[in-house]
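Here is how the chains run, residue by residue.
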Amino acid sequence: QVQLVESGGGLVQAGGSLRLSCAASGRTFSRSAMGWFRQAPGKEREFVAAITWTGGNTYYADSVKGRFTISRDNAKNTVYLQMNSLKPEDTAVYYCAAGPRVAYRLREYDYWGQGTQVTVSS
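Residues numbered from 1 in each chain as written. Predicted model: local features only at pLDDT ≥ 70, side-chain atom pairs only at ≥ 80, totals over all residues. Heavy atoms only, no water.

Overview of the overall build of the protein
Move 1: Counting its secondary structure elements, the protein contains zero helices and eleven strands.
Move 2: N-terminal to C-terminal, the α/β element order of the protein is β-β-β-β-β-β-β-β-β-β-β.
Move 3: In terms of C-alpha radius of gyration, the protein reaches 13 Å, essentially the compact-globule figure of 14 Å for 122 residues.
Move 4: The C-alpha extent of the protein, read off along each of the three principal axes, is 40 × 25 × 25 Å. (Helix = DSSP H or I, 4+ residues; strand = E, 2+ residues; numbered from the N terminus. Rg over C-alpha atoms; globule rule 2.2 N^0.38 Å.)

Some points on the nonpolar core
Move 1: One finds Trp36, Leu81, Met83 and Tyr94 to be the most contacted residues of the largest nonpolar core, which totals 35 residues.
Move 2: Where this core is concerned, the elements lending two or more residues are β3 (18–25), β4 (33–39), β5 (46–51), β7 (68–73), β8 (78–83), β9 (92–99) and β11 (116–121).
Move 3: Leaving out residues up to four positions away in the same chain, Met83 has contacts with Gly16, Ser17, Leu18, Leu20, Arg67, Phe68, Tyr94 and Val118. (Core = buried A, V, L, I, M, F, W, Y, C linked by side-chain atoms within 4.5 Å. Buried < 20%, exposed > 50% of the residue type's maximum accessible area, 1.4 Å probe, protein only. Contact = heavy atoms within 4.5 Å.)

Observations regarding the sheet that holds strand β1 (residues 3–7)
Move 1: With antiparallel pairing, four strands are arranged side by side in an open sheet as β1-β3-β8-β7. Either end of the sheet is taken by a strand with one partner, and the two such strands are β1 and β7. Going from strand to strand, the sheet's axes swing by 15° on average, the running direction of each strand aside.
Move 2: Strand direction decides the pairing type here: β1 and β3, joined by five bridges, are antiparallel. Bridge assignment links Glu6 to a residue of β3, and that residue is Cys22. (Pairing = 2+ DSSP bridges. Axes fitted to C-alpha atoms, helices over the stretch in contact; angles between N-to-C directions.)

Topic: the pairing of β7
Move 1: With burial as the criterion, only one face of β7 is covered, namely that bearing Phe68, Ile70 and Arg72; the residues Thr69, Ser71 and Asp73 on the opposite face remain uncovered.
Move 2: The sheet contact formed by β7 and β8 spans six bridges and is antiparallel. Bridge pairing in β8 links Ser71 to Tyr80.
Move 3: Between β7 and β8, which pair antiparallel and follow one another directly, the connecting turn spans four residues, one of which, Asn77, has a positive phi of 55°.

A word on the pattern of salt bridges
Move 1: For the structure on display, the rule yields six salt bridges.
Move 2: Arg67 is the salt-bridge partner of Asp90, the closest N and O atoms lying 2.8 Å from each other. Taken together, the residues Asp90 in the loop between β8 and β9 and Arg67 in the loop between β6 (58–60) and β7 connect sequence positions 23 residues apart.
Move 3: Here Asp90 falls in the buried class, since its relative accessible area comes to 1%.
Move 4: Look at Arg67 and you get buried, because its relative accessible area is 11%.
Move 5: Put simply, Arg38, Glu46, Arg67 and Asp90 are held in one network by salt bridges that share partners. (Salt bridge = Lys/Arg side-chain N within 4 Å of Asp/Glu carboxyl O.)

Quick look at the state of the cysteines
Move 1: With the rule as written, the count across this model stands at one disulfide.
Move 2: In this model, Cys22 is linked to Cys96 through a disulfide, with the two sulfur atoms separated by 1.9 Å. Looking along the S-S bond of the Cys22-Cys96 disulfide, the torsion reads about 50°, which is the right-handed sense. Highlighted residues: Cys22 in strand β3 and Cys96 in strand β9, separated in sequence by 74 residues. (Disulfide = S-S within 2.5 Å.)

Shown next as structure tokens:
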């Protein structure tokens, strides 16, 4: 069992930065692949980034590649999403998720956080 709590969302101007954190509890965190997803109003939840349990491999959606960085600290049971050069179209609720392997599809993840709102003003 893994419980996930996101934080770090907020309101930022276009071009700004935010760092999201996802704190996990549960003894299986360090063996879990982690993903970040987002859901904008009226749209489906979409893949943003993912990282293997070792942290050795990362994956990104084309829309955020070069601007966002996913990382993890297994000693702190935390995964991060550093978001730079933010755009209004990045506005969404951001969710972290844990699963047995890196995947782009929502259904591959077993545990989800409650989400944190990110709003980027133009």
